[in-house]
Amino acid sequence: MPLAVVLASGLSSGGARAGDAEALRFARDLGVAIGGATACGLSAARASATGRKGLEFARTEGPGVPAARLEAVHAEAVRAAALDQVNGRNPPCADVIRAYKGLEDQLTVPGAYR
């Protein structure tokens, strides 16, 4: 999913139990947001902390998906989004960082995706 679409729609979220497909989509969307933001200068430590929180959420919502699969989908999305940002295929960094911070805030609110 292109970063512009992820930023416009926010992270994917489902109902009370998002399920395995939604967990994979969530891991990818989070990776796209993190990849774009890190390419714009977000600290690796901060991105890593957000990624851990997000993947923990994804594992809870998609218990049938192996953790290694979620992590692989997430890592590939981070890499691709960072490359797209560097190559100018994503929105300006100010927009990317602002949207990332909003997504990061959502992960700290208990029940934000329920």
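Residues numbered from 1 in each chain as written. Predicted model: local features only at pLDDT ≥ 70, side-chain atom pairs only at ≥ 80, totals over all residues. Heavy atoms only, no water.

J.: Lay out the packing of helix 3 (residues 44–61) against helix 4 (residues 67–86) in plain terms, naming residues and giving numbers.
T.: Running from N to C, helix 3 and helix 4 cross one another at 135°; their axes reach a closest spacing of 10 Å. In this view, helix 3 runs oblique relative to helix 4, as classed from their interaxial angle. In terms of crossing hand, the pair formed by helix 3 and helix 4 is right-handed. For the pair formed by helix 3 and helix 4, the contact residues are Gly 51, Leu 55, Ala 58 and Arg 59 on the first element and Ala 67, Leu 70, Glu 71 and His 74 on the second. For the contact of helix 3 with helix 4, a count of residues per class yields four nonpolar, two polar and two charged. (Axes fitted to C-alpha atoms, helices over the stretch in contact; angles between N-to-C directions. Helix = DSSP H or I, 4+ residues; strand = E, 2+ residues; numbered from the N terminus. Parallel < 35°, antiparallel > 145°, perpendicular 65-115°, else oblique. Left-handed = near helix turned anticlockwise from the far one by under 90°. Contact = heavy atoms within 4.5 Å. Nonpolar A, V, L, I, M, F, W, Y, C, P; charged D, E, K, R; others polar.)

J.: Which residues make up the state of the cysteines, and what values go with them?
T.: This model, assessed by the stated rule, comprises one disulfide. Here Cys 40 engages in a disulfide with Cys 93; their sulfurs sit 2.2 Å apart. Classification of the bridge connecting Cys 40 and Cys 93 rests on its S-S torsion, roughly -80°, and on that basis the disulfide is left-handed. Of this pair, Cys 40 sits in the loop between helix 2 (19–39) and helix 3 while Cys 93 is found in helix 5 (residues 93–108), placing the two residues 53 residues apart along the sequence. Overall, the relative accessible area of 32% leaves Cys 93 in the partly exposed class. (Disulfide = S-S within 2.5 Å. Buried < 20%, exposed > 50% of the residue type's maximum accessible area, 1.4 Å probe, protein only.)

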